[in-house]
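# Secondary and tertiary structure notes
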Amino acid sequence: MQANGAGQGQNQELACLSAAQNGESSSTEEAHSNGLIPSNNNGNNVNNNNGAPSGGDPGAPASSAAAASGSEMGATLKKKKRLSQSEEDVIRLIGQHLHGLGLNQTVDLLMQESGCRLEHPAATKFRNHVMEGEWDKAENDLNELKSLMHSPNAIVRMKFLLLQQKYLEYLEDGKVLEALQVLRGELTPLKYNTDRIHLLSGYLMCSHAEDLRAKAEWEGKGTASRSKLLDKLQTYLPPSVMLPPRRLQTLLRQAVELQRDRCLYHNTKLDGSLDSVSLLIDHVCSRKQFPCYTQQILTEHCNEVWFCKFSNDGTKLATGSKDTTVIIWQVDTETHQLKLLKTLEGHAYGVSYLAWSPDDNYLIACGPDDCSELWLWNVQTGELRTKMSQSHEDSLTSVAWNPDGKRFVTGGQRGQFYQCDLDGNLLDSWEGVRVQCLWCLSDGKTVLASDTHQRIRGYNFEDLTDRNIVQEDHPIMSFTVSKNGRLALLNVATQGVHLWDLQDRVLVRKYQGVTQGFYTIHSCFGGHNEDFIASGSEDHKLYIWHKRSELPIAELTGHTRTVNCVSWNPQVPGMMASASDDGTVRIWGPAPFVDSQDFEGSCKAMGIHPAVLPDDALL
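Residues numbered from 1 in each chain as written. Predicted model: local features only at pLDDT ≥ 70, side-chain atom pairs only at ≥ 80, totals over all residues. Heavy atoms only, no water.

If you look the chain up in an unreviewed UniProt entry, it shows as WD repeat-containing protein 26 from Acipenser oxyrinchus oxyrinchus.

Inspection of the entire model under this criterion finds 13 aromatic pairs. Aromatic pair F417 and F461: ring centres 5.8 Å apart, planes at 85 degrees, arrangement edge-to-face. Taken as a pair, F417 in strand β12 (residues 416–421) and F461 in the loop between β16 (455–460) and β17 (465–471) lie far apart in primary sequence, 44 residues in all. Assigned by exposure class, F417 and F461 land together as buried. Members of the aromatic cluster, connected to one another through ring pairs, are F417, W430, Y459 and F461. (Phe/Tyr/Trp six-rings, centres within 6.5 Å; stacked < 30°, edge-to-face > 60°. Helix = DSSP H or I, 4+ residues; strand = E, 2+ residues; numbered from the N terminus. Buried < 20%, exposed > 50% of the residue type's maximum accessible area, 1.4 Å probe, protein only.)

Ordered by their spatial adjacency, four strands build an open sheet running β22-β23-β24-β25, and the pairing between neighbours is antiparallel. The open sheet has two edge strands with one neighbour each: β22 (524–526) and β25 (554–556). When the angles between neighbouring strand axes are averaged without regard to direction, this sheet yields 25 degrees. The pairing of strand β24 (residues 542–546) with β25 spans three bridges and is antiparallel. If you follow I544 over to β25, its bridge partner there is A554. (Pairing = 2+ DSSP bridges. Axes fitted to C-alpha atoms, helices over the stretch in contact; angles between N-to-C directions.)

A few words on the UniProt feature "repeat: WD" (unreviewed entry) in the chain. The positions UniProt marks with the feature "repeat: WD" (unreviewed entry) are residues 298–339, 344–375 and 556–588. For residues 344–375, the end-to-end C-alpha separation is 10 Å, with 0% helix and 38% strand making up the annotated structure. The annotated region residues 556–588 carries 0% helix and 48% strand content, and the separation between its end C-alpha atoms amounts to 9 Å. (UniProt positions renumbered as here; feature names shortened; annotations may be inferred.)

Counting buried positions over the six residues of strand β15 (residues 446–451) gives six, a clear majority of the element. By the alternation rule, side chains of β15 split into T446, L448 and S450 and V447, A449 and D451, which are all buried. Where strand β14 (residues 435–440) and β15 come together, five bridges link them in antiparallel fashion. Note that in β15 the partner of C440 across the bridge is V447. Linking β14 to β15, which pair antiparallel, is a turn of five residues; within it G444 sits at a positive phi near 75 degrees. Alignment of β15 against β16, held across five bridges, turns out to be antiparallel. The residue of β16 that forms the bridge with T446 is N460. A loop of three residues connects β15 with β16, the two strands running antiparallel in sequence, and Q454 in this loop sits at a positive phi of about 65 degrees.

Right, dumping it as structure tokens:
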């Protein structure tokens, strides 16, 4: 019928239905009425009359039999017309899936009873000829399919794909002359994709089949390569003629992925196959699986803790304090507990910023605004490699490593920033820029710097050019960049946390809830695929947002003074660290198993969302 793309009239529908009622095939070319090759019913006659004799009572008058037959046909047609387009689509999707499982008799019965057709008979012939390698017949089938296609020009592309498979199979069989004839007499006259034809001609020089398969990136003659070919060919056919391959699985996979994307607490990498999930329930991640709970409190610093940063491999945490020390902590990979590894001393002004080298072998420490010195430590030995100071009038308060790990840039608010090697030797400098924060992009050339003009500019040390990228209306206290270099997360004075797209140079989102005055607070990206954002706040809390949502999904309490910095472990999505003026560093992780699930369930039952509850209440 027209709804499923057959393009047949009502008379043909009646004929099809009548044939189905009598257990006969309604199509030519030995195809079943559902468009598939008829299956063996093991001698059992399956009809549409629920076990009643299809011919009625032999002694009944012919007129009565005809009336009964007409009544049945009318009832069947009426039942068929009640199916909506979406219902027919679902039946076809189920039929395709069952056919893929080899349940062909079930498919036959489903199509007969519903009055639907899985695919057009011409498409079935085409499929069979392709899978059997009957290339001349498959090419002739294209002429029949041409009238059913939205774009007749696609026939040339489909023919090219058929002939390409034919050519490669001839080559694999050692039939070089036949392959050459296909190349010269069939592929070349198409005048399509000449670059590909030149590449195909080079395969004539392959010495053996393995060489051919490797160079052509082809599975070889057989079911695997022909199935892939059929998948490509199906993209040119309307779904009313032939369903896209594995369409039901595709829709189910998309639904699962959409549920994961909409899950605010989804923070794990899961297998992409449908076998790893249940289709019977919705995907839901509980808050107790999220790093919202204090796992450990580090109290070794004896003054305000201004900064914290996990190493790139996630095995260490560095914390810097007003007490003039940097402490390196070791992360236990099994228990996720931290223990003190090294204490680096001698930072007279305190430590307000830390940066790990790309290989985690070195750590650079910077001080507050009035500090003109920078310390470069060897993390493995605990020895100071370089203590750098260009001038006593300098302010070296920020630093960023070049991706090559051999250079870094540093600067402050006194009007310049520098590019140096590991020994502190000056390689380049940029004058007249009062730097608040720095970042090196992955191209190894561009340095991003926020300055006192409430902007972020890109500076290229190779061609000595600079350009404006971000412009805010208030001072940018700090910023960080996502791993792919596309997004920047800004802490803006009196405004809070802003997300910018560096490529399009647009403000993407303003996150709500955080209290940001003129203190320097460092936020971060984190979690699986960097889907989350975390920031400290002057109200003593730690806020977490899903990257696409302006409202926080968690407000974590426990600190008693301003939370200056948050760092998310890049290798352990369920671990965060926060540094505070209260002199402590808190390590956050999933909830302990005891009673947390029951408590959360009772909260939801009472209409209380656990995200608004303090951490201590859940513990």
